[in-house]
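Examining the three-dimensional arrangement
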Amino acid sequence: QHVTSLDLSRNAVGDTGVQALAAALALGAAPELISLDLRSNAFGEKGNTAIEGLKKLRKSLEIAYGEAEGEGDEQTTAQLNSEAIATQATQLAWLL
């Protein structure tokens, strides 16, 4: 069974986490993935740049990011530990 949809919204994923995930997906992890939800996370310009690059490489992958509908300034700003997110991205690439 393959993963086709991944919802990581509202998980305090920071720039490092989005960059690691985008790199893994760009290298072919989760080839059946068609929907990725990254809305309402804590990443900024670097994360947005990683997503834009991924969108160019995986044109069939639908990526939702930015603020979820109905959310405003109360979005969390917590950042995930960069080592933990890199490990998770590696595990995701290996599993998928």
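Predicted, not measured: the structure shown is a model, and the values here were computed from it. Numbering of residues starts from 1 in every chain and runs along the sequence as written. Reporting in this predicted model follows two pLDDT cut-offs: at least 70 for local features of residues, and 80 or more for side-chain atom pairs to be given and counted; totals over whole chains, interfaces and linings ignore these cut-offs and use all residues. Neither water nor hydrogens contribute to the side-chain values; these are computed over all heavy atoms in the structure.

Assigned secondary structure in the protein consists of three helices and three strands. Only DSSP runs of H or I with at least four residues qualify as helices, and only runs of E with at least two residues qualify as strands; both kinds are numbered from the N terminus onward. Helices and strands in the protein line up, N terminus first, as β-α-β-α-β-α. Burial status follows relative accessibility: with a 1.4 Å probe on protein chains alone, a residue under 20% of its type maximum counts as buried, one over 50% as exposed, and anything between as partly exposed. Taken across its 96 residues, the protein has 33% of its residues classed as buried. Contacts between residues were defined by any pair of non-hydrogen atoms, one from each residue, lying within 4.5 Å. Taking the intrachain contacts of the protein between residues at least 6 apart in sequence as the baseline, contacts between residues at least 24 apart amount to 87%. Here the Shrake-Rupley method, with its probe set to 1.4 Å, supplies the accessible areas, and only the displayed protein chains count as covering residues. Counting every atom, the protein has about 6100 Å² of accessible surface; 49% of that belongs to carbon and sulfur.

With that settled, consider the sheet that holds strand β2 (residues 35-37). What the three strands build is an open sheet, ordered β1-β2-β3; its pairing is parallel. Edge positions in the sheet fall to β1 (5-7) and β3 (62-64), since each of these pairs with one other strand and no more. On average, each strand axis in the sheet is inclined to that of its neighbour by 5°, with strand direction left out of account. Pairing between β2 and β3: three bridges, direction parallel. Note on β3: the bridge partner recorded for D37 is A64. Strands are labelled as partners when DSSP assigns at least two bridges between them. Orientation is described by axes fitted as lines to C-alpha atoms, over the contacting stretch for helices, and by angles from 0 to 180 degrees between their N-to-C directions.

It is worth spelling out helix α2 (residues 45-57) at this point. What a helix is expected to span follows from its residue count: subtract one and scale by 1.5 Å. End to end, α2 covers 19 Å across 13 residues, agreeing with the expected 18 Å (1.5 Å per residue, within 8%). For α2, the set of buried residues is G47, A50, I51 and L54. End-on view of α2: buried residues confined to an arc of 100°, all on one side of the axis. Turned more than 90 degrees off the buried face of α2, the exposed positions are E45, T49 and K56. Looking at the buried side of α2, the elements it contacts are α1 (15-26) and β3. The arc in question is formed by the directions pointing from the helix axis toward the C-beta atoms.

Counting through the fold element by element, D37 comes out in strand β2. There is a polar contact of 2.7 Å between the side chain of D37 and the side chain of R39. In contact with D37, other than residues within four places in its own chain, are L6, D7, L8, S9 and A64. Counted as a polar contact is a pair of N or O atoms within 3.5 Å, where, for protein atoms, one must be capable of donating a hydrogen and the other of accepting one, and residues adjacent in sequence contribute only when both atoms are in side chains.

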